[in-house]
Amino acid sequence: MVQCSGRLQCAGQPPTVAPSRQYTGSLAGVKSEAMGDMEPKSRPRLGLDEVRLAAERVSAHLHKTPVLTSTHLNALAGRQLFFKAEHLQKTGSFKARGACNAVFMEKQMNPESMGVVTDSSGNHAQAVAYAARCVGLPCTVVVPKGAPKVKCDAIQEYGASLVFCDPSPTARKETCARVAQETGKTIIHSSSNYHVIAGQGTLALELLEEIPDLDAILVPVSGGGMLAGVSVVAHLLQPKCQVYAVEPVGKDLQRCLEAKERLWPSPPVFLNTVADSIRLQEVGELTFPIICEYANHKVFTVTDEKMVQGMKLIFERMKQVVEAASGAGVYAAVHLLKDIQPKAKKTCNGARIHHQHCLRK
């Protein structure tokens with residue numbers, strides 16, 4: 001682990017990061033090229049030890065969410081489906097896992113911390129604000145102009161202050177860096193942060209301890225923090241379990257994974273999709289090498305119309321209200337996985353915001 005005490009430094013991120021456009025190496029022990037050229041002993045690790053420590057660190061402040069099932073959805077899919085109900089998590093999403101681990105580590109490693117700052121208008125923002133409140137750290141959240149008032153109100157109710165910026169990934173990043181520079185607060189990135197990734201991995205740890213013989217896990221993806229954490233844990237606990245990403249139209253993740261190269265345009269853009277929580281086109285610099293190594297390179301692309309169908313299906317048959325990103329995972333688990341894994345019998349749909357969807361033999 002690396003202590004982050006300076007300004008402009010992201011908790012959980014090495015001081016020197018030299019990201020490349022192409023990933024070519026192996027992640028032995030789960031170490032990525034994106035970790036930079038530090039000596040091996042100083043590099044952060046991402047393995048079961050780190051995820052289990054994260055689980056212990058955050059357990060008192062989070063729920064162990066239930067795994068839900070539906071006989072009707074099993075029949076439609078032709079396999080057993082399991083849904084990790086992260087919409088019942090603190091702050092309403094899995095994001096509380098990674099945020100709590102990263103913020104708690106910031107407090108532990110830097111007792112004199114000036115606080116934390118992040119850029120988000122949704123689940124990550126609320127999660128960081130909640131985590132900061134748990135340990136008594138000041139929190140600032142950079143949100144784009146025009147963000148829904150209900151989301152801004154929720155962030156402030158957790159005790160965070162808001163700073164508004166233009167609605168683009170570049171503006172959010174630059175404003176967050178400026179706030180960090182001016183206040184001395186530590187940046188907690190939603191995915192490019194090893195403590196966040198380890199925290200998100202606790203979801204798979206819970207899931208595979210409860211249902212150890214899953215054949216596949218489907219994970220709706222934005223920056224890739226959950227996909228990276230789940231992929232690592234699944235590989236180490238259940239190597240035969242395949243982890244698949246689920247994306248909105250336009251993300252083009254499969255082409256990048258197959259090429260092992262970041263082929264997205266620069267600067268980064270937001271996709272035009274109803275699933276606002278997975279609209280970031282590219283995955284993070286730290287998550288991409290991990291995803292390349294441990295996730296299946298097949299990616300399920302789901303249209304907005306199909307996401308809404310997935311949301312309706314979960315509501316009508318399971319009486320659960322989920323976001324569009326979760327609808328994407330539901331639709332992929334029920335309708336698309338059979339074309340790739342016709343013999344798989346047990347699947348978990350790792351829907352990004354509100355559900356994890358899974359499958360087993």
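My aim in this report is to walk through the structure given alongside it, one point at a time. Here the structure is a predicted model, which means the values were calculated and not measured.

**A short note on helix 11 (residues 304-318)**
In an α-helix, one turn spans 3.6 residues, which is why side chains three or four residues apart end up on the same side.
Then step 1. In this model helix 11 runs 21 Å from its N-terminal to its C-terminal C-alpha over 15 residues, within 8% of the 21 Å that 1.5 Å per residue would give.
Then step 2. Of all the positions in helix 11, only Met-307, Gly-310, Leu-313, Ile-314 and Met-318 are classed as buried. Along the axis of helix 11, the buried residues cluster in a sector spanning 115°; they form a single face.
Then step 3. Buried residues along helix 11 sit in contact with strand 1 (67-68), helix 2 (71-77), strand 2 (80-84), strand 8 (242-248), strand 9 (299-302) and helix 12 (324-336).
Then step 4. Phi turns positive one or two residues past the end of helix 11, at Lys-319, with a value near 55°.

**A word on the packing of helix 1 (residues 48-58) against helix 8 (residues 225-237)**
Then step 1. Their axes nearest at 10 Å, the elements helix 1 and helix 8 cross at an angle of 115°. Considering the relative orientation of helix 1 and helix 8, their crossing is left-handed. Side by side, helix 1 and helix 8 meet where Leu-48, Val-51 and Arg-52 of the first sit next to Val-233, Leu-236 and Leu-237 of the second.
Then step 2. Each residue belonging to the contact of helix 1 with helix 8 can be placed in one class, and the counts come to 5 nonpolar, no polar and 1 charged.

**So, the pattern of salt bridges**
Then step 1. All told, the structure shown has 11 salt bridges when counted by the stated rule.
Then step 2. In this structure, Glu-182 engages Arg-178 in a salt bridge whose closest nitrogen and oxygen atoms are separated by 3.4 Å. Here Glu-182 pairs with Arg-178, and both are found in helix 6 (residues 169-183), just 4 residues apart, close to one helical turn.
Then step 3. One salt bridge connects Arg-262 with Glu-285, and the closest N-O pair in it is separated by 3.6 Å. Highlighted residues: Arg-262 in the loop between helix 9 (253-259) and helix 10 (287-294) and Glu-285 in the loop between helix 9 and helix 10, separated in sequence by 23 residues.
Then step 4. Through salt bridges with shared partners, a single network forms among Lys-84, Glu-86, Arg-97 and Glu-206.

Parameters and conventions
Counting of residues starts from 1 at the beginning of each chain's written sequence and follows it residue by residue. In keeping with the model being predicted, local features are shown solely for residues with a pLDDT of at least 70 and side-chain atom pairs are shown and tallied solely at 80 or more, while totals for entire chains, interfaces and linings include all residues. Excluded from the side-chain calculation are hydrogens and water; included are all heavy atoms of the structure. The secondary structure listing takes helices from DSSP runs of H or I that are at least 4 residues long and strands from runs of E that are at least 2 residues long, numbered from the N terminus. In a helix, the anticipated span is given by 1.5 Å times the number of residues less one. For every residue, the accessible area obtained with a 1.4 Å probe (protein chains only) is divided by the maximum for its type, and the residue is called buried under 20%, exposed over 50%, and partly exposed between those limits. Arc definition: directions from the helix axis to the C-beta atoms. Note on definitions: a residue-residue contact is assigned when non-hydrogen atoms from the two residues lie within 4.5 Å. In this analysis, axes come from line fits to C-alpha atoms, helices being fitted only over the stretch in contact, and the angle between any two N-to-C directions falls in the range 0 to 180 degrees. Two helices crossing with the near one rotated counterclockwise from the far one by less than a right angle form a left-handed crossing, whereas a clockwise rotation gives a right-handed crossing. Gly falls in the polar group here, along with every residue not listed as nonpolar (Ala, Val, Leu, Ile, Met, Phe, Trp, Tyr, Cys, Pro) or charged (Asp, Glu, Lys, Arg). We count a salt bridge whenever a side-chain nitrogen from Lys or Arg sits within 4 Å of a carboxyl oxygen from Asp or Glu.

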